[in-house]
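Here's the letter readout for the chains.
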Amino acid sequence: MKVAVIGGGLSGLMAGRLLSESGFEVKVFEAQKNCGGLVASFTVQSFRIPIFYHHIFSHDETTLKVVKELGITDLIKRKIKMGLNLNSKSYPISYFSAPFWDFLSFSDKIRFGLLAAQVKMKKDWSDIEGINAEVWLNKTVGKNVARKIFGNIMREKYGLPLSRISASELAERLGEEEATGLFYYPKDGMDGMVSRLVESIESNGGEVKTGSPVTRVDLNNNKISSRENGKQKTEEADIIINTAPLPVLLRAAKGLPAAYAEKLKKIKYCRNICVDIGYREKLSDYYWLNCFDSAFGGIIEHTNLADIYPFKMAWIFKYAPSEQLWNMSDENVAKLFIRDAQKIYPRLEADWCRVFRSEHASPLYDIDYGKFMPGYETPLKNLFLSGVALTYPKIRTMNTALASGIKVAEIVKEKYGKRN
Ligand SMILES: Cc1cc2nc3c(=O)[nH]c(=O)nc-3n(C[C@H](O)[C@H](O)[C@H](O)COP(=O)(O)OP(=O)(O)OC[C@H]3O[C@@H](n4cnc5c(N)ncnc54)[C@H](O)[C@@H]3O)c2cc1C
C-alpha cells in the first residue's frame, strides 16, 4: 500500500519511519532542499547548526526515547540560566528570583513568589479551566506582574495576548519547569536526528524526496503532484498524510469537503524571524534571555548549552513580527537586531550572520483552539493529518511533533493492517 507523506519535518519523518518499518511503501515529499522543517540545519565551517534555536527539555519523553532508538547517545545535559532584560538590565528568572527584581514592588515580589510555589506544587488546574490567563494572573499576581512579566513573555513566544491564552494550560506549562529544568542537546546537532530518521526510511525501502514541493493533492483520484527540477510529476498514493502547515494543504487539495476545509482554515499560524550570529567571546551566562524592549523577543546563546564549535553563537529571535518587520530585507533585519543586541551586550561583534524566517512557525494556540482543532483522521478515508497543529493542549515542540508522527502511524496501521 502506497503512503505519500507531505512534509519531511519531524512529524512526517517519524510517521514515514514507522510505516516503512511496517511494510508500507512510503514516499516523503519535502519542499526544501533538506529535511527537518523547523529543525532543519545550516552549515558554518562544516558544523551543522539548527536554523532556529532548539533544545530538548528533560520532560520531552518521546524525543529522548526517539533519540536513543536512533542511536544518539552523546547528549549534552545542562541546567541552563534563563533571564529577562528590561531597560537594558538583565535579571535571572527562576522560581526564587523575584526578590532580585527591582522593577517590582515588595508586594508584587511576594505574590510572584507565591505563584511560583503554587505552580511547582499543584498538579490539577481544573478549578481555573475556561478562564483566560489575564483574568487568572491579574487575580493571583496582580496587573503589574501579569502585564510586565507574563504578558511580555507570552506575546513574544506565542504571539497572543494573555486574554487569548487559557489559564489552566499556562499554569501547567509554568509547572513544567521550562525555566529551571535541565536542557539537552545532541553533540552532533539536531541534524543527526533528522538524517537518521531519513536513513531509516530509506533502509526500510521508502523514499524521501527533497526539493519536491507538493503542488496538488487530488483526493478524488488518489493522486499527488509535486514539482521536481522545475517539472510537474504526478504519482498515485493510496493514503496521504499531510504534516505540512494546513494552509499548504488547503492550497493544494482538490476534493476536500467544503465544511471541513472551512474548519481547517480556522487554524492560524504565528511567524518567526531568527537572526543567527557567530562571534568570538561569550556574551553572558544566560542561555535564554527574554528581551522586553528590543526589536526582537529574545536571545538564545547556544554556547551556554552547547559550546561545541570553534566560535560562539546565538539565535536572536522574534515571534509574531509586525508586517513592517516581516517585510524588511534580511540585511536590514540583521542590522536592526544586532544593533539592539549591542545595547544589551555592547561588546558584541558578529563575525557571521544568517537570517531565517518561517511563515508557519507555530499554530496560534488561541484559548478556543481545542474547539476547532482537527483530528488525525479526516472525512476522507485516504487523507490523514499529523503535526503540531493537532497536539493541543500540548504545545508545539519536537516532542509533540514526533508524538504526532507516532500517533498517525498507529492509526494508519490499525486501519490498514500491518503490511509485513
Ligand atoms: C523558533 C522556533 C524555536 C523552536 N525551539 C524548539 C525547541 O527548543 N525545542 C523543541 O522541542 N521544539 C522547538 N520548536 C518547535 C519544533 O521545531 C516544532 O514543533 C517541530 O519541528 C514541528 O515539526 P513538524 O514536522 O510538525 O512541522 P515542520 O517542521 O513545520 O515540518 C513541515 C514540513 O513540511 C514541509 N512542507 C511545507 N510545504 C510543503 C509542500 N508543499 N510540499 C512538501 N513539503 C512541504 C516543510 O518544508 C517542513 O519540512 C521551535 C520552533 C520554532 C519555530
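The structure this text deals with has already been given above.
Residues numbered from 1 in each chain as written. Predicted model: local features only at pLDDT ≥ 70, side-chain atom pairs only at ≥ 80, totals over all residues. Heavy atoms only, no water.

Structural notes on the overall build of the protein
Helix and strand counts for the protein stand at 13 helices and 21 strands. In terms of overall dimensions, the protein is globule-like: its C-alpha atoms have a radius of gyration of 22 Å, near the 22 Å expected for 420 residues. Counting over 420 residues, the protein shows a buried share of 57%. For the protein, restricting intrachain contacts to residue pairs at least 6 apart in sequence, the fraction spanning at least 24 positions comes to 71%. Of the roughly 18400 Å² that the protein leaves accessible, carbon and sulfur atoms contribute 50%. Once the 59 positive and 48 negative side-chain charges of the protein are each reduced to a mean point, those two points are 2 Å apart. (Helix = DSSP H or I, 4+ residues; strand = E, 2+ residues; numbered from the N terminus. Rg over C-alpha atoms; globule rule 2.2 N^0.38 Å. Buried < 20%, exposed > 50% of the residue type's maximum accessible area, 1.4 Å probe, protein only. Contact = heavy atoms within 4.5 Å. Areas by Shrake-Rupley, 256 points an atom, 1.4 Å probe, with all protein chains shown as cover. Lys, Arg positive; Asp, Glu negative; His and termini not counted. Charge placed at Lys NZ, Arg CZ, Asp CG, Glu CD.)

Here we look at the sheet that holds strand S18 (residues 298–301)
An order of S8-S7-S17-S18-S19-S16-S20 is seen for the 7 strands of this open sheet, with the pairing classed as mixed. Strands with a single pairing partner mark the edges of an open sheet, and in this sheet they are strand S8 (89–93) and strand S20 (352–363). Across this sheet, the average inter-strand angle for adjacent strands is 25 degrees, counted without regard to direction. As paired elements, strand S16 (residues 269–279) and strand S19 (residues 312–319) share 8 bridges and run antiparallel to each other. Its bridge partner lying in S19, Asn272 is registered against Tyr319. Here helix H5 (residues 142–158) sits on the sheet in contact with strand S7 (82–86), S8, S16, strand S17 (288–291) and S19, set at roughly 95 degrees to S19. (Pairing = 2+ DSSP bridges. Axes fitted to C-alpha atoms, helices over the stretch in contact; angles between N-to-C directions.)

Looking at helix H3 (residues 106–121)
If you check H3, its first and last C-alpha atoms are 23 Å apart, about what 16 residues at 1.5 Å a residue would give, namely 22 Å. Within H3 the residues assigned to the buried category are Asp108, Phe112, Leu115, Ala116 and Val119. Within H3, the buried residues cover an arc of 105 degrees as seen down the axis, which keeps them to one side. Of the exposed residues in H3, the ones pointing more than 90 degrees away from its buried face are Phe106, Leu114 and Met121. Buried-residue contacts for H3 involve helix H4 (133–140), H5 and helix H6 (167–175). (Expected span 1.5 Å × (residues − 1). Arc of directions from axis to C-beta.)

Concerning the site of the ligand
Close to the ligand lie 32 residues; Glu30, His54, His55, Val214 and Met398 are nearest. Between the ligand and Ser11 there is a distance of 3.0 Å, counted from an oxygen atom to a backbone nitrogen or oxygen. Within the backbone of Tyr53, a nitrogen or oxygen atom sits 2.9 Å from a nitrogen atom of the ligand. Isolated, the ligand exposes 1000 Å² of accessible area, and the fraction of that covered by the protein chains is 94%. (Near = heavy atom within 4 Å. Polar contact = N/O pair within 3.5 Å; in protein donor to acceptor, adjacent residues only side chain to side chain.)

So, the environment of Ile93
In this structure, Ile93 sits in strand S8. Of the residues examined, Ile93 reaches a relative accessible area of 12% and is grouped as buried. Placed 242 residues apart in sequence, Ile93 and Lys335 show a C-alpha to C-alpha distance of 28 Å.

Observations regarding H6
Burial in H6 covers these residues: Ala167, Ser168, Glu169, Leu170, Ala171 and Arg173. Next to the buried residues of H6 lie H3, H4 and H5.

A look at the packing of aromatic side chains
Evaluation of the coordinates by the stated rule reveals 22 aromatic pairs. Arranged with centres 5.6 Å apart and planes meeting at 70 degrees, the rings of Phe317 and Tyr319 form a pair that is edge-to-face. By relative accessible area, which is 3% here, Phe317 ends up buried. Taking relative accessible area as the criterion, Tyr319 reaches 4% and is therefore assigned buried. Between Tyr365 and Tyr369, the ring centres sit 5.2 Å apart and the planes meet at 70 degrees, which makes this aromatic pair edge-to-face. Taking the relative accessible area as the measure of exposure, Tyr365 reaches 5% and is therefore buried. Connected via pairs of aromatic rings, a cluster forms that spans Phe42, Phe47, Tyr309, Phe311, Trp352 and Phe356. Looking at Lys81, its charged tip hangs above the ring of Tyr286, at a distance of 4.7 Å from the centre. A cation sits over an aromatic face here: Arg357 above Trp326, 5.6 Å from the ring centre. (Phe/Tyr/Trp six-rings, centres within 6.5 Å; stacked < 30°, edge-to-face > 60°. Lys NZ or Arg CZ within 6 Å of the ring centre and 35° of its normal.)

Observations regarding the sheet that holds strand S12 (residues 223–228)
The strand order S13-S12-S11-S15 describes an open sheet built from 4 strands, whose pairing is mixed. Both edges of this open sheet fall to strand S13 (231–236) and strand S15 (253–254), since each of them pairs with a single strand only. Two elements, S12 and S13, share 6 bridges in a ladder whose sense is antiparallel. Within S13, the residue paired with Arg227 across the bridge is Gln232.

Some thoughts on a nonpolar patch on the surface
Together, Phe106, Ile110 and Leu114 make up an exposed nonpolar region whose accessible area comes to about 360 Å². Tracing the sequence through the fold places Leu114 in helix H3. (Patch = residues over 30% accessible without salt bridge, like charges linked within 9 Å, V, L, I, M, F, W, Y side chains within 5 Å. Salt bridge = Lys/Arg side-chain N within 4 Å of Asp/Glu carboxyl O.)

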